[in-house]
Amino acid sequence: MSLTLDEVRRIAALARLKLSPDEERTFAGQLSAILDHVAQLAELDVSGVEPMTHALAEGVPLRADERCPGLPPDEALANAPAREETFFVVPRIIE
Amino acid sequence: MSAELFSLSLAEAGDLLAAGRGSSRDLVEAALGRIEATDARIGAFLRTTPERARAAAAAADGRAAKGARLSPLDGVPIALKDIFLTKGVETTCASRILEGFVPPYDATVVEQLERAGAVVVGKLNMDEFAMGSSNENSAFGPCHNPYDLARTPGGSSGGSAAAVAARQVHGTLGTDTGGSIRLPAAFCGVVGVKPTYGRVSRYGVIAFASSLDQVGPFGRTVRDAALLLQAIAGHDPRDLTSSTRPVDDYVAGLEGGARGLRVGVPREWLAGGLTAGVERAVREALATYERLGAKLVDVSLPHSRYGIAAYYLIAPAEASSNLARYDGVRFGLRADEGRGLKEMYAETRERGFGAEPKRRIMLGTYALSAGYYDAYYLRAQKVRTLVRRDFDEAFRDCDVVAGPVAPSVAFRLGEKTADPLQMYLADVFTITANLAALPGLSVPCGLERESGMPVGLQLVGRPFDEATLLRAARALEREAGPLPAPRIA
């Protein structure tokens, strides 16, 4: 398994990561080595095996349908890199 | 006086306060003094919170004076991995992307510990986003092993283990996704417990791989770890994955010994790949169990050798999803060069994440991307079922499974940083308990003769049977005696 630089760039774009050319080359090699290691899973016959989709056998409990207090807006916005009144400010999305 | 206080175990410190022979104020000053004196060399703490700690100590002393201590932990100094949200105290997960982040609420476990009266003196170093086995992935510098400063304390909860080993605090909390409590506990010669998935709340714990992450304690002794676990175990309606099962008493049966205990020894775990010193120490621990009246049982975990492969698909896949929230919009770093929203996301994440989170986000994104999901993520989830079945089968014949925590003692700083796959293989024995959602712990079983470094014995138990694990660990600890304290050179 060998990832090409183009594949690395495609994955980075999906992950919203901007990589330097150095990082692209390093990751291509390292990710290829890791994928070679995980390829051993193909040796196993998993036909008829259910995937473990829940780590807890009890299932998911539901809470009562009641109102719960949330954070006050000022506290929720206290860590915002940019805010205006009770809004997060982001770069322009629609030109 | 202070010089002796920091070397007390958590239980001893609590007893001192209960008997009125000491104050929380003195314990806190001793801990802060010890941190001041040693942490430039150890690097266990990312920050201390002396003012809050002193205020909490004064309150604890007030309760003690009225005979109204809240718990055995009341007034005892502890510290937290920097993955736990602490209201009003910066929490970074050792990442630049969260530098300056001040949480608006506490994690449930932080509330529980403070409700029990424990005094938090600071936040501990770790691998960035809990991704790593050596603490070298911290964005704020490495942590050093108190037994040999040139070696790693293990990771990802390196600071949590090192702080306890270095006698800086009497107990700590960490998290374990693939071995991040047990590995550093083994490397630093302390006790570390990863409870059953669902036993401890993860509300307010920064998420890495949500089907694997679990919170647990570090202590100098098994009793200390049991006391901390008792304070944090239990259902939390704010954590969807937290179990409603009643919590056992972890302390009551601690001295019950090992007579009649069936200790399963997975043949695959001793089949080679261990250093001679680790193998010798583990075999001696098994012989000790036999001498104490336990029965050693040969068991097989045939799929454990696929653990690393399954884990390095599942954990990165979940991480790539969990770490999507760090986008520069609501909290943490924003890198905005005025080129638009998508560019802002990518620039923020490029500048804010270190190499290991990037590597895992890339791996996880690939494993989940169109055309690869069935071959990678789904297949890994099926292998996870096989790993769990191995344990279910083994537990028909035994009460606990015992083996090494890691193939070697603590390795040297820098030794594995160039090759991520070699670093990942340090978790080969711990990862299966996470995949199977089972409780596991590391208890010291001596020093390796060649290096003088601590070796840990790993015990894995049935779901929610932490009490048996702790009793078994205590039986070994009582026989082996405490490790010599590190001489921090």
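Residues numbered from 1 in each chain as written. Chains lettered and ligands numbered in written order. Predicted model: local features only at pLDDT ≥ 70, side-chain atom pairs only at ≥ 80, totals over all residues. Heavy atoms only, no water.

With respect to helix H9 (residues 276-291) of chain B
Every α-helical turn comprises 3.6 residues, leaving residues that sit three or four positions apart pointing alike. Residue and element names in this part refer to chain B. Which entries qualify depends on this criterion: For the purposes of this entry, the term helix denotes a DSSP run of H or I that reaches at least four residues, the term strand denotes a run of E that reaches at least two, and both are numbered from the N terminus. Given a helix with a known number of residues, its expected span is that number minus one, times 1.5 Å. Exposure is judged per residue with a 1.4 Å probe applied to protein chains only, and the accessible area is read against the type maximum: over 50% gives exposed, under 20% gives buried, and values in between give partly exposed. Any two residues whose heavy atoms approach within 4.5 Å are treated as being in contact.
In a regular helix each residue adds 1.5 Å, so 16 residues correspond to 22 Å; H9 covers 22 Å between its end C-alpha atoms and thus fits that length. Gly 277, Val 278, Ala 281, Val 282, Ala 285, Leu 286, Thr 288 and Tyr 289 are the residues of H9 that are buried. Where H9 is buried, its residues contact strand S7 (262-266), strand S8 (295-299), strand S9 (400-404), strand S10 (440-447), strand S11 (454-461) and helix H16 (466-480). The first or second residue beyond H9 is Gly 293, which carries a positive phi of 100°.

Quick notes on the layout of surface pockets
Residue and element names in this part refer to chain B. Let me state the cut-off plainly: For cavity detection a 1 Å grid was placed over the protein atoms alone, and a set of points counts as a cavity when a 1.4 Å probe fits there but cannot get out; an open set counts as a pocket when protein lies on both sides within 12 Å along at least five of seven lines, with lining residues being those that have an atom within 4 Å of a point. Grid points are joined across faces, edges and corners, and a volume is the space filled by probe spheres set on the points. Three classes are used, and their members are as follows: Ala, Val, Leu, Ile, Met, Phe, Trp, Tyr, Cys and Pro are nonpolar, Asp, Glu, Lys and Arg are charged, and the others, Gly among them, are polar.
As a volume, the largest pocket reaches approximately 650 Å³. As for the largest pocket, its lining consists of 29 residues, and the residues nearest its centre are Leu 85, Tyr 105, Gly 204, Val 205 and Arg 325. Partitioning the lining of the largest pocket into residue classes produces 17 nonpolar, five polar and seven charged.

Focus on the confidence of the model for chain B
Rule in force here: A score from 0 to 100, pLDDT tells how confident the predictor is in each residue.
Residues at a pLDDT of 70 or more form 99% of chain B, whose mean pLDDT is 96. ipTM for the predicted complex: 0.95, alongside a pTM of 0.97.

Examining the pairing of strand S2 (residues 77-81) of chain B
Residue and element names in this part refer to chain B. Our working definition: Here the rule is simple: two strands pair whenever DSSP picks up at least two bridges between them. Classification remark: right-handed applies to a crossover when, strands pointing away from the viewer, the course from the first strand over the helix to the second runs clockwise.
With five of its five residues buried, S2 lies for the most part within the structure. For S2 and strand S3 (residues 119-124), the ladder comprises four bridges, and the chain directions are parallel. For Lys 81, the partnering residue across the bridge sits in S3 and is Leu 124. Taken together, S2, helix H5 (residues 108-115) and S3 form a β-α-β motif whose crossover is right-handed.

Digging into the interface of chain B and chain A
We apply this condition: Buried area: the accessible area, evaluated with a 1.4 Å probe, that two parts lose upon being put together, summed over both parts. What counts as a salt bridge is simple: a side-chain nitrogen of Lys or Arg found within 4 Å of a carboxyl oxygen of Asp or Glu. Under the rule applied, a polar contact is a pair of N or O atoms within 3.5 Å (in protein, one hydrogen donor and one hydrogen acceptor; residues adjacent in sequence only if both atoms are side-chain atoms).
Residue-level contacts link 70 residues of chain B with 51 residues of chain A. Between chain B and chain A, roughly 5200 Å² of surface is buried when both sides are summed, and carbon and sulfur atoms account for 69% of that area. At the junction of chain B and chain A, the tally comes to three salt bridges. B:Lys358 serves as the salt-bridge partner of A:Glu23, at 2.7 Å between the closest nitrogen and oxygen. If you look at where chain B meets chain A, you find 13 residue pairs in polar contact (both at pLDDT 80 or more). Contributions of two or more residues to the side of chain B that touches chain A are made by helix H10 (307-322), helix H11 (341-352), helix H12 (355-368), helix H13 (374-394) and helix H14 (420-424) of chain B. Classifying every residue of the side of chain B that touches chain A by side-chain character gives 38 nonpolar, 15 polar and 17 charged.

Looking at the packing of helix H3 (residues 24-42) of chain B against helix H4 (residues 50-65) of chain B
All names here are of chain B. Rules: All axes are obtained by fitting lines to C-alpha atoms, using only the stretch in contact for helices, and the reported angles, taken between N-to-C directions, cover 0 to 180 degrees. Should an angle fall under 35 degrees it is called roughly parallel, over 145 degrees roughly antiparallel, and 65 to 115 degrees roughly perpendicular, with every other angle called oblique.
Running from amino to carboxyl end, H3 crosses H4 at an angle of 155°, the nearest separation of the two axes being 8 Å. In terms of orientation, H3 lies roughly antiparallel with respect to H4. Taken together, the residues of H4 that come into contact with H3 (itself represented by Ser 24, Arg 25, Val 28, Glu 29 and Leu 32) are Pro 50, Ala 53, Arg 54, Ala 57, Ala 60 and Asp 61. For the contact of H3 with H4, the class distribution of residues is six nonpolar, one polar and four charged.

Digging into the sheet that holds S9(B)
Residues and elements named next belong to chain B. With respect to topology, eleven strands assemble into an open sheet ordered S1-S3-S2-S4-S6-S5-S10-S11-S9-S7-S8, the strand pairing being mixed. Sheet topology places strand S1 (45-48) and S8 at the edges, where each strand pairs with a single neighbour. Each adjacent strand pair in this sheet contributes to an overall mean axis angle of 30°, direction not counted. Here S10 runs beside S11; their pairing, made up of six bridges, is antiparallel. Bridge assignment links Leu 441 to a residue of S11, and that residue is Leu 459. On top of the sheet, H5 reaches S2, S3, strand S4 (171-176) and strand S6 (214-219); it is set at about 180° to S2, its chief contact.

Brief notes about the state of the cysteines
All names here are of chain B. Let me state the cut-off plainly: Defined by distance alone, a disulfide is two cysteine sulfur atoms within 2.5 Å.
All told, the structure shown has zero disulfides over all chains when counted by the stated rule. Between Cys 93, a cysteine without a disulfide, and Cys 143, which holds the nearest cysteine sulfur, the sulfur-to-sulfur distance is 15 Å. For the unlinked cysteine Cys 143, the closest cysteine sulfur is that of Cys 188, found at 6.9 Å.

A short note on the packing of aromatic side chains
All names here are of chain B. Stated formally: Classification of ring pairs uses Phe, Tyr and Trp, with its six-membered ring standing for Trp, and accepts pairs whose centres are within 6.5 Å; under 30 degrees between planes counts as stacked, over 60 as edge-to-face, and the remaining range as tilted. As a reminder, the over-ring test applies to NZ of lysine and CZ of arginine, requiring each to be within 6 Å of the ring centre and within 35 degrees of the ring normal.
Scanning the entire structure with this criterion turns up 15 aromatic pairs over all chains. Note on Tyr 366 and Tyr 376: the rings are 5.8 Å apart at their centroids and 45° apart in plane angle, and the pair reads as tilted. Of this pair, Tyr 366 sits in helix H12 while Tyr 376 sits in helix H13; the two residues are ten residues apart in sequence, bridging distant segments of the chain. In this pair, the class of Tyr 366 matches that of Tyr 376, namely buried. Cation over ring: Lys 416 sits above Phe 411, and NZ or CZ is 4.9 Å from the ring centre.

What to know about the pairing of S11(B)
All names here are of chain B. Counting buried residues along S11, eight of its eight residues qualify, which places the element largely inside the surrounding structure. Along S11, one buried face is formed by Pro 454, Gly 456, Gln 458 and Val 460 and the opposite face, lined by Val 455, Leu 457, Leu 459 and Gly 461, is buried too. Direction of pairing for S9 relative to S11: antiparallel, over a ladder of five bridges. Paired with Ala 402 across the strands is Leu 459, a residue of S11.

Some details on the environment of B:Arg21
Residues and elements named next belong to chain B. Within the secondary structure layout, Arg 21 lies in the loop between helix H2 (10-18) and H3. Arg 21 sits in the exposed class, given a relative accessible area of 57%. In the structure, Arg 21 is positioned 126 residues away from Tyr 147 in sequence and 31 Å away in space, judged by C-alpha atoms.

Notes on the environment of B:Ile314
Tracing the sequence through the fold places B:Ile314 in helix H10. Those residues in contact with B:Ile314 that sit more than four places away from it in its chain are B:Ser211, B:Leu212, B:Tyr377, B:Ala380, B:Gln381, B:Arg384 and B:Leu435.

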